[in-house]
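Architecture and fold: a report
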Amino acid sequence: MNGRLKEVYVKSSDPFERGCQHGSQVKEEIEKVCQGYRKSFERKGYTWEEAKQMAMEYVPYLEEHMPELMEEAKGIAEGAGVELAVVMVLNTRYELLKFKKGVDNFEHNECTCFTVLREATQNHSVIGGQNWDNSPFIGENLYVLHIDEENGTKIVGLSEPAQLIRNGMNSYGLSLNCSTLLSTKDIRGVAVPTNFMRRRILQAKGMEEVKKLMVEFKPCVSINYVVASSENQALVFETTPVENFERYPSRGILTQGNDLAAAPDIDRFLPADRDHARHFRGQRLEYLLQKKQGEITEDYIKECLKDHHGHPASICNHAGDQSLQTIASMLFCVDEGYAWIAWGNPCETSYEQYEL
């Protein structure tokens, strides 16, 4: 994984047509990533048919609560020439893989996120981003997704095959990045899955709209949403089935790993995480960024995202013994309207610029 990522362009005011355009461009990637996810579900004790059945349980709920995005998902299936159930598995894999029927008890610590505001940066700009950690087979099939909804909403971000989006920035000056949370309150159920919520957040026109979405969001499993805005605002939303917690910047800097900082008493990673350093990558990134508070540059952030403290499970993650590594590293420069993305471990690859 190195070099410039494939770019997929979608442009339409009609959600089904957007989906058709998207799916038609990633047929091969869908086929390849499904081979990896079949194995992921098998490790959790599920057959591929069971995974598809569970994923389709979300459809009636989404047709009621997010009909536009559900139409887009149907379009992806049509454009790619695959069952809707396949697209739904790929868009609900986060939720479905949080529960096991087999013997796999291991849960990945995935991703380290950040935002820096104007008071923290040398050129007084707002930047959000993350290192995205996951299985190499996912990284091999990533692409940059450009979306123009022809209503003023433009989005650029990273996507797994057939997903509505994974992370990114929009034309209203918002960036979104996410990292895994596991709480003891997580339940198997049907709610808005994270891929649909991520895309909905990136349709928002400002932080107040995002806050309203988070107030109304009732997930079945926990996850972090790290949002930055050109309004010079940043928030971490630690969402759980019992409460959605908010965390705010310190001196214009906000970071998040995989610890449920607002409610550690329900954190399911503790005390299971056998490597202490792995659990606190968010705190490590906070330390590195605070050292340069007021002088942070894009290049300095890139260097921080290459950090190997606690190797192999460091900010730049190389924990390949658990089929986990940094598969992409990114900075979303919301004031300037471009993203820097390194495909794979940033210590081994270069950052490429992608325009909104």
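For the structure, check the block above.
First, a word on scope: everything that follows refers to the structure included in this document.

Rules of the game
Residues numbered from 1 in each chain as written. Predicted model: local features only at pLDDT ≥ 70, side-chain atom pairs only at ≥ 80, totals over all residues. Heavy atoms only, no water. 1 Å grid on protein atoms, 1.4 Å probe; cavity = no way out; pocket = protein on both sides within 12 Å on 5 of 7 lines; lining within 4 Å. Points joined across faces, edges and corners; volume = space filled by probe spheres on them. Helix = DSSP H or I, 4+ residues; strand = E, 2+ residues; numbered from the N terminus. Nonpolar A, V, L, I, M, F, W, Y, C, P; charged D, E, K, R; others polar. Core = buried A, V, L, I, M, F, W, Y, C linked by side-chain atoms within 4.5 Å. Buried < 20%, exposed > 50% of the residue type's maximum accessible area, 1.4 Å probe, protein only. Contact = heavy atoms within 4.5 Å. Pairing = 2+ DSSP bridges. Axes fitted to C-alpha atoms, helices over the stretch in contact; angles between N-to-C directions. Disulfide = S-S within 2.5 Å. Salt bridge = Lys/Arg side-chain N within 4 Å of Asp/Glu carboxyl O. Left-handed = near helix turned anticlockwise from the far one by under 90°. Phe/Tyr/Trp six-rings, centres within 6.5 Å; stacked < 30°, edge-to-face > 60°. Lys NZ or Arg CZ within 6 Å of the ring centre and 35° of its normal.

Take empty space enclosed by the protein next. Summed over the entire model, instances satisfying the criterion amount to three cavities of 30 Å³ or more. By volume, the largest cavity amounts to about 80 Å³. Along the wall of the largest cavity there are 14 residues; nearest its centre are Glu110, Cys111, Arg166, Cys178 and Arg198. Of all elements in the fold, only helix H6 (84-96), strand S3 (127-134) and strand S7 (174-180) reach the threshold of two or more residues within the lining of the largest cavity. Among the residues making up the lining of the largest cavity, the classes are represented as five nonpolar, five polar and four charged.

Core analysis: the largest hydrophobic core is formed by 87 residues, its most contacted members being Met88, Trp132, Phe196, Val210 and Tyr225. Excluding residues within four positions of it along the chain, Met88 makes contact with Ala55, Met56, Tyr58, Val59, Leu62, Met70, Ala73 and Phe196. Judged by nonpolar contacts, the second largest core, of 20 residues, contains Phe114, Leu288, Ile296 and Tyr300.

The strand order S11-S2-S3-S12-S13-S14 describes an open sheet built from six strands, whose pairing is antiparallel. Across the chains shown, the open sheet's two edge strands, defined by having one partner strand only, are strand S11 (253-256) and strand S14 (352-355). Adjacent strand axes in the sheet meet at a mean angle of 15°, parallel and antiparallel pairs treated alike. Across four bridges, strand S2 (residues 112-116) lies against S11 in antiparallel orientation. Residue Val116 lies in a different strand from S11, and its bridge partner there is Ile253.

A word on the sheet that holds strand S9 (residues 233-239). The strand order across the open sheet formed by eight strands is S1-S4-S5-S6-S7-S8-S9-S10, and the pairing between neighbours is mixed. Single-partner strands in this sheet number two, and they are strand S1 (7-11) and strand S10 (244-247). Across the sheet, the mean angle separating the axes of adjacent strands is 20° when strand polarity is ignored. As defined by bridge partners, S1 adjoins strand S4 (residues 143-148) across five bridges and the pair is classed as parallel. Within S4, the position partnered with Val8 by the bridge is Leu145. Along the sheet, helix H1 (residues 15-25) contacts S1, S4 and strand S5 (154-159); its crossing angle with S1, the most-contacted strand, is approximately 160°.

A word on the pairing of S2. Taken across its five residues, S2 has five buried, putting it largely inside the fold. In S2, alternate side chains face the same way, and those of Thr112, Phe114 and Val116 on one face and Cys113 and Thr115 on the other are all buried. Here five bridges tie S2 to S3, and the two strands are oriented antiparallel to one another. From the neighbouring strand, Cys113 faces S3, where its bridge partner is Gln130.

In this structure the tally under the stated criterion is zero disulfides. Cys178 forms no disulfide, and the closest cysteine sulfur to it belongs to Cys113, at a distance of 6.7 Å. This cysteine, Cys316, is not joined by any disulfide, and Cys347 carries the nearest cysteine sulfur, 3.7 Å off. Using a relative accessible area of 0% as the deciding quantity, one classes Cys316 as buried.

Here we come to the pattern of salt bridges. By the definition in use, this model includes 25 salt bridges. A salt bridge links Glu7 to Arg4, with the shortest nitrogen-to-oxygen separation between them at 3.3 Å. On the accessibility criterion, Arg4 (41% relative accessible area) is partly exposed. Across the salt bridge formed by Glu238 and Arg247, the nearest N and O atoms sit 3.8 Å from each other.

Two elements in contact, H1 and helix H5 (residues 67-80), have axes whose closest approach is 6 Å; the angle formed by their N-to-C orientations is 35°. Regarding H1 and H5, the two cross each other, and that crossing is right-handed. Packed against H1, whose contacting residues are Pro15, Phe16, Arg18, Gly19, Cys20, His22, Gly23 and Ser24, the element H5 presents Glu68, Glu71, Glu72, Lys74, Gly75, Ile76, Glu78, Gly79 and Ala80 at the interface. Partitioning the contact of H1 with H5 into residue classes produces five nonpolar, six polar and six charged.

Quantified by volume, the second largest pocket comes out at close to 260 Å³. Along the walls of the second largest pocket sit 14 residues, with His65, Met66, Val192, Met197 and Leu213 positioned nearest its centre. Sorting the residues of the lining of the second largest pocket by element identifies helix H4 (59-65), H5, helix H8 (194-201) and helix H9 (207-216) as the ones contributing at least two each. Residue composition of the lining of the second largest pocket, by class: eight nonpolar, two polar and four charged.

What follows covers the packing of aromatic side chains. The final tally for this structure, using the stated rule, is four aromatic pairs. Where Phe41 meets Trp48, the ring centres are 6.1 Å apart and the plane angle is 70°; that geometry is what we call edge-to-face. Ring geometry for Phe217 and Tyr225: centres 5.9 Å apart, planes at 85°, overall edge-to-face. No difference in accessibility class separates Phe217 from Tyr225, as the two residues are buried. A cation over an aromatic ring shows up here: Lys98 above the ring of Tyr94, its NZ or CZ 3.9 Å from the ring centre.

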